Amino acid sequence: MNIICDLDGTLIDSRTRLDSRFCHLVPDVSLSFENYWQFKRSGIGHEHLLGLLNKNEAGYFESFHKRWMELIESDEYLQLDKPFDGVEILLKSLTHNKCKLFLLTARQFPEKVYMQLQGFGWADYFCEVMVTGQKVTKKDMLKRLNIQFSSTVMVGDTGSDIANSNEMGAYSIGVLSG
């Protein structure tokens, strides 16, 4: 069996990194961790959220987004990510039971993903690590895989992860932690 996993919000808890980055970029807004994630979980993206916070002057979102993308995968912030409880045991068990594990993430920098996997001791669990680099879609990356999707499970934390899985003919598991 093939198992394709997303990274952020699926294997690792990246909420502190994302909240910290938001607070850093919008320091004059007092938004608690819980409130930030309440907005995010209800489907409100940064552009809409900034508008709700009266940060909608011309060019504000574009500047915010540019700075977000420049800094979101910095070493300082990646150190805030933590594995979800039980992930290491699960990965070890799946590989022991002859499952082929693939990692598919929409991160920008492959080297940062590999660094994090090494840091968690997970690098050897995955037979392939796919990073979109923000240049191609996850669906495009999936199309390049030479695997049987009818015997594949995809695990993700977004609606698009599930839609991609269904479109490719794979089974899907959606997690609510992202």
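Above: the structure in question.
Predicted model, so just to flag it, every value in this text is computed and none were measured.

Novice: Describe the overall build of the chain, listing the residues and the values that go with them.
Specialist: What the chain contains, in helices and strands, is nine helices and seven strands. Against the 2.2 N^0.38 benchmark of 16 Å for 178 residues, the chain shows a C-alpha radius of gyration of 17 Å, consistent with a compact globule. For the chain, the C-alpha atoms occupy an extent of roughly 50 × 30 × 25 Å along the three principal directions. Split into buried and exposed, the 178 residues of the chain put 44% on the buried side. Of the contacts formed within the chain by residues at least 6 apart in sequence, a portion of 67% connects residues at least 24 apart. Carbon and sulfur atoms provide 53% of the accessible area of the chain, an area that totals close to 9,600 Å². Measuring between centres, the 19 positive side-chain charges of the chain sit 3 Å from its 23 negative side-chain charges.

Novice: Account for the environment of Phe64, with residues named and values stated.
Specialist: With respect to the helices and strands, Phe64 occurs in helix H4 (residues 60–71). Dropping the residues within four chain positions of it, Phe64 is found in contact with Phe22, Leu25, Val26, His46 and Leu50.

Novice: Describe the pattern of salt bridges, naming the residues involved and giving the relevant values.
Specialist: Oppositely charged side chains are able to pair whenever their charged atoms sit close together. Considering all chains together, one arrives at 11 salt bridges under this definition. Among the ionic pairs, Lys138 bridges to Asp6, the shortest N-O distance being 3.0 Å. One end of the pair, Lys138, is in helix H8 (residues 138–144); the other, Asp6, is in the loop between strand S1 (2–5) and strand S2 (12–13), with 132 residues separating them in the sequence. Accessibility expressed as a relative area gives 13% for Lys138, which makes it buried.

Novice: Can you lay out the pairing of strand S7 (residues 171–174) for me, pointing to particular residues and giving the numbers?
Specialist: Regular strands have side chains that alternate between both faces of the sheet. As paired strands, strand S6 (residues 152–156) and S7 are joined by four bridges and run parallel to one another. Along S7, the bridge assignment pairs Met154 with Ser172. Read as a crossover between parallel neighbours, the route from S6 over helix H9 (residues 159–168) to S7 is right-handed.

Novice: Describe helix H7 (residues 110–120), naming the residues involved and giving the relevant values.
Specialist: Buried residues of H7: Lys112, Val113, Gln116, Leu117 and Phe120, and no others. The buried residues of H7 occupy an angular sector of 135° when projected down its axis, which confines them to one face. Along H7, the residues that are exposed and aim more than 90 degrees away from the buried face are Gln118 and Gly119. Of the surrounding elements, those touching the buried residues of H7 are S2, helix H5 (75–78), strand S3 (82–83), helix H6 (87–96), strand S4 (100–105) and strand S5 (126–131). Looking one or two residues past H7, Gly121 carries a phi angle of roughly 75°, positive in sign.

Novice: Just give me the short version of the packing of helix H1 (residues 15–25) against H4, but keep the residues and values in it.
Specialist: Put simply, H1 and H4 touch, their axes get as near as 11 Å, and they point 135° apart. With respect to their mutual orientation, H1 and H4 come out oblique. Here H1 and H4 pass one another in a crossing that is right-handed. Side by side, H1 and H4 meet where Leu18, Arg21, Phe22 and Leu25 of the first sit next to Tyr60, Phe64, Arg67, Trp68 and Leu71 of the second. For the contact of H1 with H4, a count of residues per class yields seven nonpolar, no polar and two charged.

Novice: For the sheet that holds S7, give the residues involved together with the corresponding values.
Specialist: Sheets are built from strands that pair by backbone hydrogen bonding, the pairs being arranged parallel or antiparallel. The five strands lie next to each other as S5-S4-S1-S6-S7, forming an open sheet whose pairing is parallel. Every interior strand has two partners, whereas the edge strands, S5 and S7, have only one. Pairs of neighbouring strands in the sheet enclose a mean axial angle of 20°, with direction left out of account. Along the sheet, H9 makes contact with S6 and S7, crossing S7 at roughly 170°.

Definitions and limits used
Residues numbered from 1 in each chain as written. Predicted model: local features only at pLDDT ≥ 70, side-chain atom pairs only at ≥ 80, totals over all residues. Heavy atoms only, no water. Helix = DSSP H or I, 4+ residues; strand = E, 2+ residues; numbered from the N terminus. Rg over C-alpha atoms; globule rule 2.2 N^0.38 Å. Buried < 20%, exposed > 50% of the residue type's maximum accessible area, 1.4 Å probe, protein only. Contact = heavy atoms within 4.5 Å. Areas by Shrake-Rupley, 256 points an atom, 1.4 Å probe, with all protein chains shown as cover. Lys, Arg positive; Asp, Glu negative; His and termini not counted. Charge placed at Lys NZ, Arg CZ, Asp CG, Glu CD. Salt bridge = Lys/Arg side-chain N within 4 Å of Asp/Glu carboxyl O. Pairing = 2+ DSSP bridges. Right-handed = clockwise from strand over helix to strand, strands pointing away. Arc of directions from axis to C-beta. Axes fitted to C-alpha atoms, helices over the stretch in contact; angles between N-to-C directions. Parallel < 35°, antiparallel > 145°, perpendicular 65-115°, else oblique. Left-handed = near helix turned anticlockwise from the far one by under 90°. Nonpolar A, V, L, I, M, F, W, Y, C, P; charged D, E, K, R; others polar.

These figures capture arrangement, not role.
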